Every structure is written in structure tokens, then in C-alpha cells.
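Architecture at a glance
What follows is the residue order along each chain.
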Amino acid sequence: DMLLLALTNRPEMYNADSEDRISEHEARAALLQMAPNVNFSASLNNNPDRYLVYHNWMEAALRVSSDLPRLPAKYSEVKSARQKSELAKMKRDVTAASIVVQVNLAMVEYTEALERLSLRDEIEATRKVMVQAVEDGIASGQGHAGDAIGEQMRYLSDFAGKCRARADLMAARARLCSA
């Protein structure tokens with residue numbers, strides 16, 4: 001399907017997906033910065049002082065700290081990061097919609113160019129039959145060479161129109177492939 005191919009292979013969509021992931025990670029990082037810091041420490045100590053009952057001991061500590069005055073600022077950073085994430089998602093949706101529109105327009109243009117070529121092909125074939133009929137009429141003595149020349153000029157004009165229609169079809173196909 002052309003739409004699926006366009007949506008998966010366009011660099012704009014890759015860029016939008018990357019921006020979306022980055023903004024989600026930034027929102028998560030801002031949320032984690034609001035959490036208190038937890039530090040754990042443990043140590044083995046030794047003191048050769050002879051007045052101590054135990055010369056070897058272990059210490060363990062758990063320290064929890066938080067920057068309470070900065071908590072409102074951190075909350076606004078989280079809110080801002082979430083809004084940025086939502087904006088990135090909306091940008092991605094708009095980019096996807098524009099790609100869908102571009103592909104659909106290219107498809108319509110290609111279909112119209114194909115129909116124009118088919119019509120021009122029929123016109124050129126009809127004109128070719130008319131040229132042959134005029135030439136047969138001249139050979140049988142009905143009509144003169146001026147009629148044949150005029151009909152051949154109209155045939156060449158229709159043939160040129162068919163060539164233009166074919167070129168338009170190839171250009172429309174190229175636009176469809178690049179969409």
C-alpha cells in the first residue's frame with residue numbers, strides 16, 4: 001500500500017517519531033528529578049584503640065534528601081515537558097496527515113494522467129484511421145492531396161498530444177513514487 005510505504009519511509013516521519021521519543025524521555029527525566037535523592041552507604045571500620053570492646057564494626061546508612069524549595073519549579077518543568085510531548089505528538093499527526101494528502105494527490109494526478117493518455121491514444125488511433133481513409137479516397141480519385149496533408153498535420157498534432165500525455169504520466173508516476 002502506497003500510504004503505508006510513504007508513512008514508514010519518509011524522513012519527516014522518522015524525525016517526528018524521534019522528537020516524540022525525546023520529549024517523552026525529557027518528561028520522564030523531569031518527573032524523576034522531583035523524586036527525593038536516596039543514598040546508601042556501608043563501611044567496615046577498624047580501630048586499634050585498646051579501650052574499645054570491639055575493634056571491628058560495620059556501619060550502614062540510608063540518607064533521603066529532597067530540595068523542597070525547588071519542588072514547584074520542578075513541577076512546572078514536568079508540566080512543560082508533558083506539554084512538549086503532547087505538542088510533538090500533534091506535530092507527528094499533522095506530518096502524517098500531510099503525507100497522506102500528498103500521496104492521495106499524487107495518486108489522483110497519476111490516475112488522471114493515465115486517463116488522459118488513454119484518451120489521447122484513442123484520439124491518435126482514430127486520427128490514424130482517418131488519414132488512411134483520406135489517402136484511400138485520394139487513391140480512388142475522390143479528394144485531393146491538400147486534404148491528405150491537412151489530415152496528416154492533425155494526426156501529427158494528435159500524436160504530439162499523446163507524447164505529451166505520456167510525458168505527463170511519467171512525471172505523475174515519478175511524483176507518486178517520491179510521495
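Residues numbered from 1 in each chain as written. Predicted model: local features only at pLDDT ≥ 70, side-chain atom pairs only at ≥ 80, totals over all residues. Heavy atoms only, no water.

This part is about the overall build of the protein chain. Scanning the protein chain from terminus to terminus reveals four helices and two strands. Put simply, the protein chain runs from its N terminus to its C terminus through helices and strands in the order α-α-β-β-α-α. What you see for the protein chain is a C-alpha radius of gyration of 39 Å, clearly larger than the 16 Å of a compact globule of 179 residues, by over 25%. With the C-alpha coordinates aligned to their principal axes, the bounding extent of the protein chain is approximately 140 × 35 × 20 Å. Taken over 179 residues, the protein chain has a buried fraction of 20%. Accessible surface computed for the protein chain: about 13100 Å², of which carbon and sulfur atoms make up 60%. (Helix = DSSP H or I, 4+ residues; strand = E, 2+ residues; numbered from the N terminus. Rg over C-alpha atoms; globule rule 2.2 N^0.38 Å. Buried < 20%, exposed > 50% of the residue type's maximum accessible area, 1.4 Å probe, protein only. Areas by Shrake-Rupley, 256 points an atom, 1.4 Å probe, with all protein chains shown as cover.)

What follows concerns the packing of helix 3 (residues 71–139) against helix 4 (residues 145–178). Between helix 3 and helix 4, whose axes approach to 8 Å, the crossing angle comes to 165°. As judged from the angle between their axes, helix 3 and helix 4 are roughly antiparallel. Pair helix 3 / helix 4 crosses with left-handed handedness. Residue composition of the contact of helix 3 with helix 4, by class: 20 nonpolar, two polar and 17 charged. (Axes fitted to C-alpha atoms, helices over the stretch in contact; angles between N-to-C directions. Parallel < 35°, antiparallel > 145°, perpendicular 65-115°, else oblique. Left-handed = near helix turned anticlockwise from the far one by under 90°. Nonpolar A, V, L, I, M, F, W, Y, C, P; charged D, E, K, R; others polar.)

Contact pair helix 1 (residues 2–9) / helix 3: the axes reach a minimum separation of 10 Å and the direction vectors enclose 135°. Here helix 3 runs oblique to helix 1, going by the angle between their axes. Note that helix 1 runs across helix 3; the crossing there is right-handed. Contact residues: helix 1 offers Met2, Leu3, Ala6 and Leu7, while helix 3 offers Ala96, Ile99, Val100, Val103, Asn104 and Met107. Counted by class, the contact of helix 1 with helix 3 contains nine nonpolar, one polar and no charged residues. (Contact = heavy atoms within 4.5 Å.)

Our next topic: the pairing of strand 2 (residues 56–65). Within strand 2, only zero of the ten residues are buried, which leaves the element largely exposed. Where strand 1 (residues 37–46) meets strand 2, ten bridges bridge the pair, whose relative direction is antiparallel. Each bridged residue has a counterpart across the sheet, and for serine 41 the counterpart in strand 2 is alanine 61. (Pairing = 2+ DSSP bridges.)

If you look at the biggest cluster of nonpolar residues, it comprises eight residues: Ala6, Met13, Ala96, Ile99, Val103, Ala106, Leu176 and Ala179. In terms of residue count, helix 3 provides more of this core than any other element does, four residues in total. Sequence-distant contacts of alanine 96, defined by excluding residues within four places in its chain, comprise Leu7 and Met13. (Core = buried A, V, L, I, M, F, W, Y, C linked by side-chain atoms within 4.5 Å.)

Once that is clear, we can look at the confidence of the model for the protein chain. Low-confidence regions, as indicated by low pLDDT, have predicted coordinates that should not be scrutinised in detail. Residue-level pLDDT values for the protein chain average 88, and 100% of them are 70 or greater. Across the protein chain, helix 4 holds the top mean pLDDT of 92, while helix 1 sits lowest at 80. (pLDDT = per-residue confidence, 0-100.)

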